[in-house]
Amino acid sequence: MDIFDDKKNNAENHDVLNIRPLADRMRPKNFDEFVGQNKIVGSGTPLRVAIETDKIGSMIFWGPPGTGKTTLAELIAKTTNGQFIPFSAVSSSIKDVKAIISKAGNYYKMSGRRTFIFIDEIHRFNKAQQDAFLPYVEKGDIILIGATTENPSFEVNSALLSRMRVYVLERLSTDALTTLIKRAITDKEFGLGRLNLSLDEEAMQFFVTISDGDARRGLSLLEAAASFVGEKGTLTIEVLKDVHQKGVLVYDKAGEEHYNLISALHKSIRSSDADASLYWLARMFDSGEEPLYILRRLIRFASEDIGLADPYALSLCINARDTYRFLGSPEGELSIAMAVIYMACSPKSNAVYSAFQKAQQDASEKGSLPVPLHIRNAPTSLMKDIGYGKNYQYAHNYEDAMTDQEHFPEELIGTEYYHPTENGREARLAEYLKKYREYKNSPKSEKKNN
C-alpha cells in the first residue's frame with residue numbers, strides 16, 4: 001500500500017481525477033506548494049531540517065481540521081522516500097494496524113525504505129490500544145505519525161507520548177487560504193482551471209471567511225459553487241451564499257462583527273436580559289462561531305460579573321463545556337444555552353474582580369514586600385531561631401477560628417480589597433467579613449482562646 005507507486009501516479013487520467021474531491025486533488029505535491037504552517041515546517045525550522053536530512057522520529061500533529069496534518073505526513077514520507085500507510089482510528093481496528101506494522105522491520109531490511117504509519121484521529125484509539133504501537137516505535141521499526149484535533153496530553157497514552165514529538169498546527173491564515181483558492185481556480189491539471197471561472201474580490205473574502213482556517217471547507221464550497229455556475233461562470237458572493245445557504249449570517253471572526261456579537265451577548269447577560277442573551281447566542285452559532293470560544297467567554301463572565309453572588313454559575317459553565325465536548329454540535333449547544341439563561345437570571349457581583357485587580361496593582365507596584373516573620377514557614381531550627389513562625393496564632397485555637405494577628409506586610413496594614421455586595425450568596429460573605437473585621441479591630445481584652 002505505497003502511495004508513491006509509479007503506476008498509480010502515472011495512470012490517473014483527468015476523468016479519474018475528477019472523481020476525487022477537489023480538496024484531495026489539490027493536496028500539495030511538495031513542500032514548495034505547502035502553505036500555512038511556516039512556524040513548524042518552513043525553511044530552516046527544526047522539523048524541516050530533520051525531514052531534509054532524513055532524521056525523522058515519530059510525531060503527533062495536533063491542530064484543527066483542514067490545516068494540513070494528513071498532507072504533511074504524506075510529504076514527509078515522500079521526501080524521505082518512505083512507504084506511507086494511512087489508517088483512520090475511526091474505521092480501522094488495532095488488529096488491522098498491527099498486521100501491517102509487524103512486517104515493517106522486514107520491509108526495511110529488504111528495501112532500505114522506512115514505513116510511515118499515519119493514524120488519523122489517533123485519539124479515537126483508547127489508551128490500551130495505543131500501547132500496541134509502543135514496541136514498534138521503541139525499536140524504530142516504524143515512524144508513527146498521529147493526527148488529532150484533541151489535546152494529546154489528555155488523549156494519548158503518556159508512555160507513547162513521551163516517545164513522540166508534538167507539533168501544533170494552526171488554523172490557516174487569510175493569505176494561506178487565498179493562495180489555496182486561487183491555485184485551485186487556475187490549476188488545469190488537478191484543479192478547476194479548465195472551467196475558466198472568474199471570481200471577484202468580495203467572493204474571495206467570503207471564501208476565506210467561511211473557511212474559518214479550514215482548507216478543506218473552503219475548497220469543498222468552491223467545488224460546489226463551480227458545479228453550480230458551470231464553465232466560464234462567475235463566482236459572486238450571491239452565488240456563494242445560495243450554495244452555502246448560510247452566507248447572510250457569516251462574519252469575520254477576527255473582525256468588528258465578531259467582537260460586536262460577543263459584546264452584545266456579554267452585556268445582555270450582565271443586564272439580566274435572558275431573551276436577548278439567547279438571541280445573540282443563536283446569532284453566534286448561526287454565524288459559525290466556535291462554541292468553545294463562546295464557552296471560554298461565559299466562564300470568564302461567571303467569574304467576573306457574577307462571582308460569589310452565585311458561585312454555582314461557574315460550575316454550570318464548566319459542566320456546559322464538558323457536555324459540549326462530549327456531545328458536540330448541535331446537541332451540546334443546548335447546555336450552552338442553559339448556562340446563558342442561568343447567568344442572565346443570576347444575581348450579579350463584580351466584587352471579586354475589583355478586589356483582585358486592586359491586589360494585583362499593589363503586588364505589581366509595591367515590589368517584593370517581606371512576609372511577616374510570624375507567618376513564615378519554619379522547617380529548620382535555624383529558621384525558628386531567627387524568628388520564623390514565632391508567635392503565630394493557630395486560628396483553630398481561637399473562638400470562631402478568628403485571630404487578630406496581622407497577615408499583611410507592614411506597608412499594607414489596614415488595606416481592604418474585597419467589599420462584597422448584598423446580592424445573592426455574597427450577602428452571607430459580607431456578614432461574615434464584617435464580623436471578622438470588627439473582631440480584628442476590637443480591644444484584645446474582648447477576645448478569648450478556646
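All of these numbers come straight from a predicted model, not from anything done at the bench. (Residues numbered from 1 in each chain as written. Predicted model: local features only at pLDDT ≥ 70, side-chain atom pairs only at ≥ 80, totals over all residues. Heavy atoms only, no water.)

1. Remarks on the pattern of salt bridges
Moving on, step 1. For the structure on display, the rule yields 19 salt bridges.
Moving on, step 2. A salt bridge links Glu 290 to Arg 171; the nearest nitrogen and oxygen atoms lie 3.7 Å apart. Taken together, the residues span a long stretch of sequence, with Glu 290 in the loop between helix H18 (274–286) and helix H19 (291–306) and Arg 171 in the loop between strand S5 (165–168) and helix H13 (174–186) at a distance of 119 residues.
Moving on, step 3. Across the pair Asp 212 and Arg 217 runs a salt bridge whose closest N-O atoms are separated by 3.9 Å.
Moving on, step 4. By relative accessible area, which is 41% here, Arg 217 ends up partly exposed. (Salt bridge = Lys/Arg side-chain N within 4 Å of Asp/Glu carboxyl O. Helix = DSSP H or I, 4+ residues; strand = E, 2+ residues; numbered from the N terminus. Buried < 20%, exposed > 50% of the residue type's maximum accessible area, 1.4 Å probe, protein only.)

2. Some points on unusual backbone geometry
Moving on, step 1. With an omega of 0 degrees, the peptide bond running from Ser 329 to Pro 330 counts as cis.
Moving on, step 2. Looking at the secondary structure, you find Pro 330 in the loop between helix H20 (312–327) and helix H21 (333–344).
Moving on, step 3. Even without glycine at this site, Asp 54 takes up a positive phi of about 55 degrees.
Moving on, step 4. Residue position: Asp 54 is located in the loop between helix H5 (46–52) and strand S1 (59–62).
Moving on, step 5. Take Asp 54: its relative accessible area is 37%, and that puts it in the partly exposed class.
Moving on, step 6. Positive phi, close to 55 degrees, is recorded for Glu 121, a residue that is not glycine.
Moving on, step 7. Tracing the sequence through the fold places Glu 121 in the loop between strand S3 (115–120) and helix H9 (127–130).
Moving on, step 8. What makes Glu 121 partly exposed here is its relative accessible area of 24%.

3. Thoughts on the side chain of Asp 362
Moving on, step 1. Secondary-structure assignment places Asp 362 in helix H22 (residues 351–365).
Moving on, step 2. Not counting the four nearest positions on each side in its chain, Asp 362 is found in contact with Gly 367, Leu 412, Thr 415 and Tyr 417. (Contact = heavy atoms within 4.5 Å.)

4. Examining the sheet that holds S1
Moving on, step 1. One open sheet accounts for 5 strands, arranged S2-S3-S4-S1-S5; its pairing is parallel. The two strands at the open ends of the sheet, each matched to only one other strand, are strand S2 (83–88) and S5. Sheet twist, expressed as the average angle between the axes of neighbouring strands with direction ignored, equals 20 degrees.
Moving on, step 2. Where S1 lies against S5, 4 bridges are found, and the strand directions are parallel. Within S5, the residue paired with Phe 61 across the bridge is Tyr 167. (Pairing = 2+ DSSP bridges. Axes fitted to C-alpha atoms, helices over the stretch in contact; angles between N-to-C directions.)

5. Considering the side chain of Gln 83
Moving on, step 1. With respect to the secondary-structure elements, Gln 83 resides in strand S2.
Moving on, step 2. In this structure the side chain of Gln 83 is engaged in a polar contact, spanning 3.2 Å, whose partner is the side chain of Thr 115. (Polar contact = N/O pair within 3.5 Å; in protein donor to acceptor, adjacent residues only side chain to side chain.)

6. Some thoughts on the pairing of S1
Moving on, step 1. Across 4 bridges, S1 lies against strand S4 (residues 142–148) in parallel orientation. Bridge assignment links Phe 61 to a residue of S4, and that residue is Ala 147.

7. Looking at the packing of helix H14 (residues 201–211) against helix H16 (residues 237–244)
Moving on, step 1. One can describe the packing of H14 onto H16 by two numbers: an axis separation of 8 Å at closest approach and a directional angle of 30 degrees. With respect to their mutual orientation, H14 and H16 come out roughly parallel. From H14, Glu 202, Ala 203, Phe 206, Phe 207 and Ile 210 reach across to H16, where they touch Ile 237, Leu 240, Lys 241 and His 244.
Moving on, step 2. Of the residues assigned to the contact of H14 with H16, the class counts are 6 nonpolar, 1 polar and 2 charged. (Parallel < 35°, antiparallel > 145°, perpendicular 65-115°, else oblique. Nonpolar A, V, L, I, M, F, W, Y, C, P; charged D, E, K, R; others polar.)

8. Examining the confidence of the model for the protein
Moving on, step 1. Summarising the model, the protein shows a mean pLDDT of 86, and 92% of its residues fall at 70 or more.
Moving on, step 2. Considering each helix and strand of the protein separately, the mean pLDDT is smallest for helix H1 (residues 6–11), with a value of 41, and largest for H21, with 96.
Moving on, step 3. Long-range and interchain partners of residues 1–17, a stretch whose pLDDT sits below 50, account for 28 contacts in this model, where long-range means more than four residues apart.
Moving on, step 4. This stretch, residues 246–252, has a pLDDT under 50; its non-local contacts, to residues over four places away or in other chains, come to 21 contacts. (pLDDT = per-residue confidence, 0-100.)

9. Here's the deal with the state of the cysteines
Moving on, step 1. Scanning the entire structure with this criterion turns up 0 disulfides.
Moving on, step 2. In this structure Cys 317 is a free cysteine whose sulfur lies 13 Å from that of Cys 345, the closest cysteine sulfur available.
Moving on, step 3. Note on Cys 317: relative accessible area 0%, which makes it buried.
Moving on, step 4. Cys 345 gets classed as exposed once you look at its relative accessible area, which sits at 59%. (Disulfide = S-S within 2.5 Å.)

10. A few points about H16
Moving on, step 1. Residues of H16 that are buried include every one of Ile 237, Val 239 and Leu 240, and no others. Looking down the long axis of H16, one finds its buried residues gathered within 155 degrees of arc, a one-sided arrangement. Seen from the buried face of H16, the exposed residues on the opposite side, beyond 90 degrees, are Glu 238 and Asp 242.
Moving on, step 2. The secondary structure elements touched by the buried residues of H16 are H14, helix H15 (215–229) and strand S7 (234–235). (Arc of directions from axis to C-beta.)

11. Observations concerning a nonpolar patch on the surface
Moving on, step 1. On the surface, a cluster of nonpolar side chains totalling about 190 Å² of accessible area is made up of Leu 308, Val 352 and Leu 429.
Moving on, step 2. Residue Leu 429 is classed as partly exposed on the basis of its relative accessible area of 35%. (Patch = residues over 30% accessible without salt bridge, like charges linked within 9 Å, V, L, I, M, F, W, Y side chains within 5 Å. Areas by Shrake-Rupley, 256 points an atom, 1.4 Å probe, with all protein chains shown as cover.)

12. Digging into a negative patch on the surface
Moving on, step 1. Among the surface-exposed residues, Asp 200, Glu 201, Glu 202, Glu 238 and Asp 242 lie close enough to one another that they form a single negatively charged patch.
Moving on, step 2. Of all elements in the fold, only H14 and H16 reach the threshold of two or more residues within the negative patch. (Lys, Arg positive; Asp, Glu negative; His and termini not counted. Charge placed at Lys NZ, Arg CZ, Asp CG, Glu CD.)

13. Looking at the pairing of S3
Moving on, step 1. Of all 6 residues that make up S3, 5 are buried, and the element is covered over most of its length.
Moving on, step 2. In this structure, S2 lies alongside S3, joined through 6 bridges in parallel fashion. Counted as the bridge partner of Phe 87 is Ile 119 from S3.
Moving on, step 3. Taken together, the 6 bridges between S3 and S4 define a ladder with parallel strand orientation. Across the sheet, residue Phe 116 finds its bridge partner in S4, namely Ile 143.

14. Section: the packing of aromatic side chains
Moving on, step 1. Taken as a whole and assessed by the stated rule, the structure comprises 6 aromatic pairs.
Moving on, step 2. Measuring from ring centre to ring centre gives 6.2 Å for Phe 61 and Tyr 167, while their planes differ by 55 degrees; the resulting arrangement is tilted. Residue Phe 61 is located in strand S1, and its partner Tyr 167 is located in strand S5; the two are separated by 106 residues in the primary sequence. A single burial state applies to Phe 61 and to Tyr 167, both of which are buried.
Moving on, step 3. Ring centres of Tyr 312 and Tyr 342 lie 5.5 Å apart, and the angle between their planes is 80 degrees; this geometry places the pair in the edge-to-face category. In this pair, Tyr 312 sits in helix H20 while Tyr 342 sits in helix H21, placing the two residues 30 residues apart along the sequence.
Moving on, step 4. Sitting above the plane of the Phe 190 ring, Lys 29 keeps its charged end 4.0 Å from the centroid. (Phe/Tyr/Trp six-rings, centres within 6.5 Å; stacked < 30°, edge-to-face > 60°. Lys NZ or Arg CZ within 6 Å of the ring centre and 35° of its normal.)

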